[in-house]
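These are the residues of each chain, in order.
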Amino acid sequence: VQLQASGGGSVQAGNSLRLSCAASGGTLSDYTVAWFRQAPGKGREFVAALRARASNSYYSDSVEGRFTTSRDNARKSVYLQMSSLKPEDTAVYYCAASRTIILSSISNEYGYYYWGQGTLVTVSS
């Protein structure tokens, strides 16, 4: 499966954006799909994940309550709705997918085999 992330842009703090992760060459319904981000000069950070064939979602402490991830199987897409954005949310956001990742490793980037190319989110104060 190939992933393509989109929806990034430049917004002011407090505003919202919705990122999309579209799949081609397969469906995402059988995959756990996660979002990671990488800010300038920093390592890749877990943001959120949505379990395969389930509605369970998981979030980092830094985005809990502000971000929501969801999937649309008919559209072969997973979304990251980001609200109340802060300047510290500025980063390149990546979606990633795995069919085999276990729950205890869901926030570990090395557990994901398929990656999208990244989309830049810039939040200004």
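What counts, and where the lines are drawn
Residues numbered from 1 in each chain as written. Predicted model: local features only at pLDDT ≥ 70, side-chain atom pairs only at ≥ 80, totals over all residues. Heavy atoms only, no water. Helix = DSSP H or I, 4+ residues; strand = E, 2+ residues; numbered from the N terminus. Buried < 20%, exposed > 50% of the residue type's maximum accessible area, 1.4 Å probe, protein only. Contact = heavy atoms within 4.5 Å. Areas by Shrake-Rupley, 256 points an atom, 1.4 Å probe, with all protein chains shown as cover. Lys, Arg positive; Asp, Glu negative; His and termini not counted. Charge placed at Lys NZ, Arg CZ, Asp CG, Glu CD. Salt bridge = Lys/Arg side-chain N within 4 Å of Asp/Glu carboxyl O.

**Observations concerning the overall build of the protein chain**
Across its full length, the protein chain carries 0 helices and 11 strands. Scanning the protein chain from its N terminus toward the C terminus, one meets helices and strands in the order β-β-β-β-β-β-β-β-β-β-β. Taking all 125 residues of the protein chain together, 42% fall into the buried category. Taking the intrachain contacts of the protein chain between residues at least 6 apart in sequence as the baseline, contacts between residues at least 24 apart amount to 56%. When the accessible surface of the protein chain is summed, it comes to about 6300 Å², and 44% of that surface belongs to carbon and sulfur atoms. A gap of 7 Å separates the mean positions of the 12 positive and 8 negative side-chain charges of the protein chain.

**Some words on the pattern of salt bridges**
Taken as a whole, this structure holds 5 salt bridges when the rule is applied. Among the ionic pairs, E45 bridges to R37, the shortest N-O distance being 2.8 Å. E45 sits in the partly exposed class, given a relative accessible area of 33%. Put simply, R37 and D89 hold a salt bridge, and the shortest N to O gap is 2.9 Å. Here R37, found in strand β4 (residues 32–38), pairs with D89, found in the loop between β8 (77–82) and β9 (91–98); they are 52 residues apart in sequence, far enough to count as distant. When its relative accessible area of 5% is taken as the criterion, R37 is described as buried. One continuous salt-bridge network, built from bridges that share partners, spans R37, E45, R66 and D89.

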